[in-house]
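Okay, here's what each chain looks like letter by letter:
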Amino acid sequence: MINQDFNNLVCSRILELRKAQKMTQEQLAYQSGISKGGLSEIERNMKEPRTYTILRICAGLGITMKEFFDFQEIDNFMNLI
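All values reported here derive from a predicted model rather than from experimental measurement. (Residues numbered from 1 in each chain as written. Predicted model: local features only at pLDDT ≥ 70, side-chain atom pairs only at ≥ 80, totals over all residues. Heavy atoms only, no water.)

Caption draft 1: Structural context of the overall build of the protein chain. Along its length, the protein chain carries six helices and zero strands. Counting from the amino terminus, helix and strand elements in the protein chain follow one another as α-α-α-α-α-α. Taken against the 2.2 N^0.38 rule, which gives 12 Å for 81 residues, the C-alpha radius of gyration of the protein chain at 12 Å falls within 12% of a compact globule. Each of the three principal axes of the protein chain carries a C-alpha extent, and together these read 35 × 25 × 20 Å. Counting over 81 residues, the protein chain shows a buried share of 38%. Considering only residue pairs separated by 6 or more positions, the protein chain has 62% of its internal contacts joining residues 24 or more positions apart. (Helix = DSSP H or I, 4+ residues; strand = E, 2+ residues; numbered from the N terminus. Rg over C-alpha atoms; globule rule 2.2 N^0.38 Å. Buried < 20%, exposed > 50% of the residue type's maximum accessible area, 1.4 Å probe, protein only. Contact = heavy atoms within 4.5 Å.)

Listed below in structure tokens is the structure:
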């Protein structure tokens, strides 16, 4: 359950950051070097992204991993475990 909750947060965060930068899935997938289908599955929480994939997505978004994980929901989650 905790793993799934964490995955939900990460997948939602990717979608949120992509939309905030007004990028399409195709653009972010290209910038990240991953497939559009893979990114779509991650954003829809159908696929759990590996750490390296998150790192590549961060690079595609032009942000650091620290920036990626700097949001209130993850802080709240961390306080629960």
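From this point, the narrative continues.
Caption draft 2: Looking closely at the nonpolar core. By size, the foremost hydrophobic cluster in this structure holds 16 residues, and its most contacted members are Ile14, Leu28, Leu39, Ile57, Leu61, Ile63 and Phe68. Residue assignment for this core shows that the elements contributing at least two residues are α1 (2-20), α2 (25-32), α3 (36-43) and α4 (51-61). Sequence-distant contacts of Ile63, defined by excluding residues within four places in its chain, comprise Leu17, Gln21, Cys58 and Phe68. (Core = buried A, V, L, I, M, F, W, Y, C linked by side-chain atoms within 4.5 Å.)

Caption draft 3: Examining unusual backbone geometry more closely. One non-glycine residue, Lys22, adopts positive backbone phi at about 55 degrees. Tracing the chain through its elements places Lys22 in the loop between α1 and α2. Phi is positive for Asn45, close to 60 degrees, though the residue is something other than glycine. Within the fold, Asn45 resides in the loop between α3 and α4.

Caption draft 4: View of α3. Listed as buried for α3 are Gly38, Leu39, Ser40, Ile42 and Glu43. Phi for Asn45, located one or two positions after α3, is positive at around 60 degrees.

Caption draft 5: Representation of the environment of Ser35 within the structure. Here Ser35 lies in the loop between α2 and α3. On a C-alpha basis, the gap between Ser35 and Arg56 in space is 12 Å, while along the polypeptide they are 21 residues apart.

Caption draft 6: Molecular detail of α4. Listing the buried residues of α4 in full gives Thr53, Ile54, Ile57, Cys58, Gly60 and Leu61. Along the axis of α4, the buried residues cluster in a sector spanning 160 degrees; they form a single face. More than 90 degrees from the buried face of α4, the exposed residues found are Thr51, Tyr52 and Ala59. Just downstream of α4, Gly62 is the residue with a positive phi angle, here 75 degrees. (Arc of directions from axis to C-beta.)

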